[in-house]
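Structural description and commentary
Okay, here's what each chain looks like letter by letter:
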Amino acid sequence: MNNNIQNVSITGIGMYVPEKTLDNAHFESYLDTSDEWITKRTGVKTRHIVEKGTPNSDLSYEAAVKALEMSGVAPEELDLIIVATVTPDRLFPSTACTLQAKLGAGDCGAFDVLAACSGFIYALSIAHGQMALGNVKKVLVVGSEVMSSIIDYNDRGICVLFGDGAGAVVLENVPEDRGSLVDYIIRADGRQGEILYMPAGGSLNPTSFETVKKNMHTVKMEGNKVFKLAIKHMAELAREITQRNGLTLDDIDMVCIHQANIRIVKGVMSALHLDMATKSYNNIDRYGNTTAASIPLCVHDAFKDNRLKKGDKMIILTFGAGLTYAAALMEWGIENTLQDSTAIADTKEAIEEQKITVPAGVNGKKNISMDI
Ligand code: ACO
């Protein structure tokens, strides 16, 4: 990276998940599956799902407002809004443009990034690049998904995995004692595109009676192939991004890995010889795989639960449709104000209001440990 550019850091983070939840018992009620299979093979206990017809921009908006509040940046001060998503409100205009209007931001740049589960890191790197060029100073980056709009709820190999949600961060030029975004690696292997894809809805297979009849508007995945490639690529990226910045993996305090499957996280941490309980944070039990929202939700909760602290060096790692894979290295720069008693009381109240169901035996603050 060019060391002459002004320091860029995350100055605010926010998240949102819808009120409604689907726990594993729900799937047991109509599919040939079990809580035991889903928990053991994926780590997911429950996921949040929107009421049908809720647009992505509503989720993006809720997460963005919280991130802006934390950073102290007003919507009209934003110079750029990027939304990473595979489930936009519509193909066009972009969800970022709709979000700009909902936030009451000025005529700043706004666009979506489609890189599936890697979308949030892709978007961060683009935002940072624009800041480095001096084109923009305050940027909102959102990862938001309504995965429930593209899931076949009769496909047991897919539907148990995914959930809806949104996470957002604000990026600003600040002194280094307020943290730093240090480096990014973004990669893709388009040759493997069809092991994880949605067949119709684009120009290749425009929406028609036939495409709907053939169920071509939902996610298709060769889960096992994705699983193996995910571990291989994310472990390689973690080594590469530390080495090229003169660090070792021992220097890293926190690894946030795309929450696709707890066994993938375990596989990556084991390949890196890093302790899963102390060096990774996982919330897949509560949200499932939220695609582009997964990383900001994971970072948000690691921060909220005081597992990610000011000064910590963190790697984030992603893998998803494309196939895309990506890594980012940063030093976290925000003091944990979410931990004060008012914030905790507010959070508890919010949880009660939202009637978030935490299944027996699941403690959100604990990592799930299981054999892969
Ligand atoms: N309940 C019970 N049995 C199931 C279920 C279920 N929910 N789902 C699949 N099975 C069965 C299969 O039918 C198969 O049965 P069979 O042996 O009789 O044929 C058996 O379980 C084993 O199936 P596998 O697919 O080999 O199971 P695996 O251990 O690989 O787990 C899973 C499947 C969870 C999908 C896993 O492969 C995975 O997590 N893959 C990666 C997902 C991922 O990372 N996605 C990327 C991001 S998504 C994005 O970018 C949009």
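For every chain, the first residue of the written sequence is number 1, and numbering continues from 1 onward in sequence order. Where local features are concerned, this predicted model is filtered to residues with pLDDT of at least 70; where side-chain atom pairs are given and counted, the filter is 80 or more; whole-chain, interface and lining totals use all residues.

1. Observations regarding the overall build of the chain
The numbering of helices and of strands both runs from the N terminus, where a helix is a DSSP run of H or I of at least 4 residues and a strand a run of E of at least 2. When helices and strands are counted, the chain shows 13 helices and 13 strands. Partly exposed residues are those whose C-beta has more than 12 but fewer than 20 other C-beta atoms within 10 Å; with 20 or more the residue is buried, with 12 or fewer it is exposed, and the C-beta atoms are placed from the backbone. For the chain, the residues scored as buried account for 48% of the 372 residues in total. The contact criterion used is a C-beta to C-beta distance within 7 Å, with each C-beta placed from the backbone. Long-range pairs, those at least 24 residues apart, make up 78% of the contacts in the chain between residues at least 6 apart in sequence.

2. As for helix α5 (residues 119–132)
Multiplying one less than the number of residues by 1.5 Å gives the expected span of a helix. Along its 14 residues, α5 runs 20 Å from first to last C-alpha, staying within 8% of the 20 Å computed at 1.5 Å per residue. Burial within α5 is extensive, with 10 of its 14 residues counted as buried. Taken residue by residue, α5 has G119, F120, I121, Y122, A123, L124, I126, A127, H128 and M131 as its buried positions. One or two steps after α5, the chain reaches G134, where phi turns positive at roughly 85°.

3. Describing the pairing of strand β4 (residues 80–84)
For β4, the tally of buried residues reaches 5 of 5 residues, placing the bulk of the element in the interior. Call a crossover right-handed when, viewed with both strands pointing away from you, the route from the first strand across the helix to the second goes clockwise. Each parallel crossover has a hand, and for β4 linked through helix α4 (residues 95–103) to strand β5 (residues 109–113) it is right-handed. Pairing between two strands requires that DSSP report at least two bridges joining them. Strand direction decides the pairing type here: β4 and strand β6 (residues 138–145), joined by 5 bridges, are parallel. Directly across from A84, in β6, lies its bridge partner G143.

4. A closer look at the packing of helix α3 (residues 56–71) against α4
For helices, the fitted line uses only the C-alpha atoms of the stretch in contact; every axis is such a line through C-alpha atoms, and the angle between N-to-C directions lies from 0 to 180 degrees. Taken N-terminus to C-terminus, the directions of α3 and α4 make an angle of 55°; their axes are 9 Å apart at the nearest point. The orientation of α3 with respect to α4, classified from their angle, is oblique. Here α3 runs over α4; the crossing is right-handed. Here N56, S57, S60, Y61 and A64 of α3 come into contact with α4, specifically with T95, T98, L99, K102 and L103. Note that Gly is not counted as nonpolar here; it falls among the polar residues with everything else outside the nonpolar set of Ala, Val, Leu, Ile, Met, Phe, Trp, Tyr, Cys and Pro and the charged set of Asp, Glu, Lys and Arg. Within the contact of α3 with α4, the residues separate by chemical class into 4 nonpolar, 5 polar and 1 charged. Roughly parallel means an angle under 35 degrees; roughly antiparallel means over 145; roughly perpendicular covers 65 to 115; every other angle is labelled oblique. Here a crossing is called left-handed whenever its near helix is offset anticlockwise from the far helix by less than a right angle, and right-handed whenever the offset is clockwise.

5. So, the site of the ligand
Lining the immediate environment of the ligand, one finds 23 residues, of which T33, G223, A260, N261 and G320 sit closest. Elements that contribute at least two residues to the shell around the ligand include exactly α2 (35–42), α6 (156–159) and α8 (223–243). Tallying contributions element by element places α8 first for the shell around the ligand, with 5 residues. Class assignment of the residues belonging to the shell around the ligand gives a composition of 12 nonpolar, 9 polar and 2 charged. Each domain's extent was defined by an automatic or database domain assignment. Mapped onto the domain boundaries, the shell around the ligand takes at least three residues apiece from domain 1 (8–178) and domain 2 (182–354). Nearness here has a simple definition: the residue's C-beta atom, placed using the backbone, must lie within 6 Å of the molecule or strand.

6. Focus: the nonpolar core
A set of buried Ala, Val, Leu, Ile, Met, Phe, Trp, Tyr and Cys residues, joined to one another through C-beta atoms within 7 Å, is what we call a nonpolar core. I82, V141 and C256 are the most contacted members of the largest nonpolar core, which totals 108 residues. Take this core: its biggest share by element is 8 residues, from α5. When residues of this core are sorted by domain, at least three fall in each of domain 1 (8–178) and domain 2 (182–354). Contact partners of I82, with chain neighbours within four places excluded, come to A96, F111, V113, A123, I126, A127 and V141.

7. Looking at the sheet that holds strand β7 (residues 165–173)
Each strand in a sheet pairs with its neighbour through backbone hydrogen bonds, running either in the same direction (parallel) or in the opposite one (antiparallel). What the 5 strands build is an open sheet, ordered β1-β7-β6-β4-β5; its pairing is mixed. Of all strands in the sheet, those with a lone pairing partner are β1 (8–16) and β5, marking the two edges. This sheet shows a mean twist of 15° between the axes of neighbouring strands, independent of strand direction. Pairing of β6 with β7, which is carried by 8 bridges, proceeds in the antiparallel orientation. Bridge pairing in β7 links V139 to L171. Along the sheet, α4 makes contact with β4, β5 and β6, crossing β4 at roughly 130°. Here α5 sits on the sheet in contact with β1, β4, β5, β6 and β7, set at roughly 160° to β4.

8. Digging into the sheet that holds strand β11 (residues 254–257)
Judged by pairing direction, the sheet is mixed, and its 4 strands sit side by side in the order β8-β13-β12-β11 without closing on themselves. Looking at strand neighbours, the two that pair on one side only are β8 (180–188) and β11, the edges of this open sheet. Here the strands of the sheet are splayed against their neighbours by 10° on average, with no regard to which way each runs. Looking at chain direction, strand β12 (residues 313–320) and strand β13 (residues 324–331) are connected through 8 bridges and run antiparallel. Paired with K313 across the strands is E331, a residue of β13. Against the sheet, α8 makes contact with β8, β11, β12 and β13, and its axis sits at roughly 150° relative to β12, the strand it touches most.

9. A short note on the environment of E172
Residue position: E172 is located in strand β7. You can call E172 buried: it has 20 C-beta atoms within 10 Å. In this structure the C-alpha to C-alpha distance between E172 and T11, which are 161 residues apart in sequence, comes to 6.6 Å.

10. Overview of helix α9 (residues 262–271)
Turn by turn, an α-helix covers 3.6 residues, leaving residues three or four places apart pointing in a common direction. The element α9 is largely enclosed, with a buried count of 7 among its 10 residues. Among all positions in α9, only I262, I264, V265, K266, G267, V268 and M269 are buried. On the buried face of α9, the contacting elements are α2, α8, β11, α10 (276–279), α11 (284–287) and β12. Immediately downstream of α9, the backbone of H273 shows phi near 55°, a positive value.

These figures come from the coordinates and say nothing about function on their own.
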